[in-house]
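Understanding the architecture of this molecule
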Amino acid sequence: MINSGDTAWILVSAALVMLMTPGLALFYGGMVRRKNILSTIMMSFALLGLIGLLWVLYGYTMGFGPNFGGIIGKFDWVGLRDVGQKPSTVYATTVPHLAFMIYQAMFAIIAVALWTGGVVERTKFSAFLILAILWFTFVYCPVAHWVWGSGGWLAKLGCLDFAGGIVVHITAGMSALALALLLRPRKGFKEGEPMEPDNIPLVMLGAGLLWFGWFGFNGGSALKSGGLASSAFVATYISGAAAAMTWMGLGWIYRRPSALGAATGAIAGLAAITPAAGFVSPIAGIPIGVVASVICYYCMLFRTKRGVDESLDVWAVHGMGGVWGVLATGIFASLAVNSAGADGLIYGHAIQLAKQLAGVASVAVFAFAATWVLGKIVDVTIGLRVKEEEEIVGLDISQHGERAYGGISR
Amino acid sequence: MKKIEAIIRPEKLESVKAALAEIGILGMTVTEVSGRGRQRGICLQWRAGEYRVEFLPRVKIETVVLDEEVGKTLNAIVRKARTGERGDGKVFVFPIDNAVRVRNGDEGENAI
């Protein structure tokens, strides 16, 4: 039975999450050097087309179609067959099946876009597109089914992931690390050339759009309008705010309260609250956000110290922020907030933490290993990396034949 | 004719410009430049951690003056651009062979 309030909220949420991908494009684009800003933005933007198409053609049925052995969806809904105006019988049963499908499409798109942060400034665009298709097909769709698909093995185990801490953030974070190791550092990185951010105001705008869209990401994951959506919405806001202030403070202790730091903190807090948003009381967003910033901040320092060029810290922020958030769900979850969830550690139910840990460990290992293999396949066949001269000139010109800031005459 | 090329702190541009105007030097070309001298640059922050930028922003003033104006021009620039700290900049003087005014084709000292 279709509920108009629920339908309105899911459609608006889908649009909110859609806007996160161009927001992410600006967030990343402002952090690279000016010769690579368009190529960085274009990676995310191209996925809005590519992954959206693949999702309606076969991704949705692989992720959410009738269960096959707990690991993948069967192809019954390929090309949106039987996905229409009537609600699904298993997912979001008060909104049209199409609304649920397109809402989920936006998650698939941004999951792929997230790991581009690990490979910027040196990846061949053609190779990137092929890798994106492979990753979407063999990493994202299976994991989405495990966690969210009806009959998925992690769902059956009782592992909770409200809005994609595992499905989106851990997969993207671990995959970015695998690809960064495979690609090796940008030219000049080891020599200590400063990789100066091109445009921090764009980063701030991007972070703002992401924060805005995150209300759809987490609030919409209630899959209906009303109390639970409101609770998740507020928890999301609180965690982002707490984490932004924490990161700003950490920067201040060492040096200065940087804008880039505050923006990064907000994203870390939002990533961490994602799996928890609809299972924990909103005020739990404070400890979740504060701890997220501390963990991600030191992971970032660790990554830098190890000389790993995971360029825009997808692993440190989304991967480790996601890990913390999924575990925090096992600590702070409460049946009083969401009867479809569970009680966590602080409500005397330690087993939930173990279930969360199972989800973290299995998906982190799978995403890292599978992405490594897929990346290696693309690398030995067509080559992941641009030629050295192309990297020196910059990817905007060498890959796209454009430059962001052109012209001498006005 | 001599070309004076002065690399100075950006915040000193206005007072140098005013001092040059007082002695009748009005024409000039100003460029934002980056450079280094004996300073070690500055530390900027990355999201976590920091990095050093060795090239600092400065302003380059270029103007061409008559030979007899060189002394007072240098004096005006140095007097107004100095703070006494490292990083105050440098002034270079170049000989000029010729000059042409694009508008009417005037050449030599008439063109400056």
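Data block above holds the structure.
Everything in this summary refers to the structure shown in the same document. Quantities reported herein were computed from a predicted structural model and do not represent experimental measurements.

About the criteria used
- Residues numbered from 1 in each chain as written.
- Chains lettered and ligands numbered in written order.
- Predicted model: local features only at pLDDT ≥ 70, side-chain atom pairs only at ≥ 80, totals over all residues.
- Helix = DSSP H or I, 4+ residues; strand = E, 2+ residues; numbered from the N terminus.
- Contact = placed C-beta atoms within 7 Å.
- Nonpolar A, V, L, I, M, F, W, Y, C, P; charged D, E, K, R; others polar.
- Buried ≥ 20, exposed ≤ 12 C-beta atoms within 10 Å, placed from the backbone.
- Pairing = 2+ DSSP bridges.
- Axes fitted to C-alpha atoms, helices over the stretch in contact; angles between N-to-C directions.

So, about unusual backbone geometry. Residue and element names in this part refer to chain A. Despite not being glycine, Arg184 has its phi angle at roughly 70°, a positive value. By the secondary structure assignment, Arg184 is in the loop between helix H6 (165-183) and helix H7 (200-219). In this structure, Asp313 is a non-glycine residue whose phi angle is positive, near 60°. Residue position: Asp313 is located in the loop between helix H10 (285-305) and helix H11 (314-332).

Turning next to the interface of chain B and chain A. Between chain B and chain A, the residue contacts involve seven residues of the former and 13 residues of the latter. Among the residues making up the side of chain B that touches chain A, the classes are represented as three nonpolar, two polar and two charged.

Residues and elements named next belong to chain A. Looking at where Gly158 falls in the secondary structure, it is placed in the loop between helix H5 (153-157) and H6. Using a count of 15 C-beta atoms within 10 Å as the deciding quantity, one classes Gly158 as partly exposed. When the C-alpha atoms of Gly158 and Ala358 are compared, they prove to be 10.0 Å apart, with 200 residues separating the residues in sequence. Those residues in contact with Gly158 that sit more than four places away from it in its chain are Ala342 and Lys355.

A word on the sheet that holds strand E5 (residues 56-65) of chain B. All names here are of chain B. Read across the sheet, four strands follow the order E2-E5-E1-E6 without closing on themselves; strand pairing throughout is antiparallel. The sheet terminates laterally at strand E2 (29-35) and strand E6 (89-95), the two strands that pair on one side only. The sheet shows a mean angle of 20° between the axes of neighbouring strands, direction not considered. Of the strand pairs in this sheet, strand E1 (residues 2-8) and E6 are connected by seven bridges, and their pairing is antiparallel. In the strand pairing of E6, Ile8 is matched with Gly89.

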